[in-house]
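Coordinates in review
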Amino acid sequence: MPDVIQERAGVPVLVCDPDGPPVTTEQDALDLIGAAFLGAQLVAVPASRLDPSFFALGTRFAGEIMQKFVNYRIRLVVVGDIAAHLASSSALRALVHESNRSGHVWFVPDLDALDARLAPAAGRGPDGAPTRG
């Protein structure tokens, strides 16, 4: 399946094909952002497409990629099991925890969890992030 824009819980999402090209450079991320400009508000990238350096925070690759999405006002969702990466890095665990509290970058186990996160619910702001109150 190619990367496709789907409406999920009322939000246009660029759902990336797990077998698509890996995201190994900032340009690869910019290509996804460009594809999202065709009508998506959010890009759901399978964790398997992200270069392993994304999960090694010392490389700064994750920060560079996440900042690109924030700068272009396109939300990024990393979809998939990242337990092995989390087990080996307390810094990554902290990043995931803080990211999931925001509205810009999320880490979810699957698309069903993304749908649940996007679904309108009490206590969520217009960007889908939990409100603080």
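Before reading on, note that the structure itself is shown above.
Residues numbered from 1 in each chain as written. Predicted model: local features only at pLDDT ≥ 70, side-chain atom pairs only at ≥ 80, totals over all residues. Heavy atoms only, no water.

Considerations on the pairing of strand β2 (residues 11–15)
- Most of β2 is tucked away, with 5 of its 5 residues classed as buried.
- Neither face of β2 is open: one carries Val 11, Val 13 and Val 15, the other Pro 12 and Leu 14, and all of them are buried.
- Note: strand β1 (residues 4–8) against β2, 5 bridges, orientation antiparallel. Residue pairing for β2: Gln 6 is matched across the bridge by Val 13.
- What sits between β1 and β2 in their antiparallel hairpin is a turn of 2 residues, with Ala 9 showing a positive phi close to 55°.
- Pairing analysis gives 3 bridges linking β2 to strand β3 (residues 42–46), with the strands arranged parallel. Its bridge partner lying in β3, Val 13 is registered against Leu 42. (Buried < 20%, exposed > 50% of the residue type's maximum accessible area, 1.4 Å probe, protein only. Helix = DSSP H or I, 4+ residues; strand = E, 2+ residues; numbered from the N terminus. Pairing = 2+ DSSP bridges.)

Overview of the nonpolar core
- By size, the foremost hydrophobic cluster in this structure holds 27 residues, and its most contacted members are Val 43, Phe 54, Phe 55 and Phe 69.
- Counting only elements with at least two residues in this core, the list comes to α1 (26–36), β3, α2 (61–71), β4 (75–79), α4 (90–101) and β5 (105–108).
- For this core, the element with the highest residue contribution is α2, accounting for 5 residues.
- The contacts of Phe 54, once residues within four sequence positions are left out, are Phe 61, Ala 62, Ile 65, Met 66, Val 78 and Phe 107.
- Counting 11 residues, the second-largest nonpolar core is a separate cluster that includes Leu 42, Val 108, Leu 114 and Leu 118. (Core = buried A, V, L, I, M, F, W, Y, C linked by side-chain atoms within 4.5 Å. Contact = heavy atoms within 4.5 Å.)

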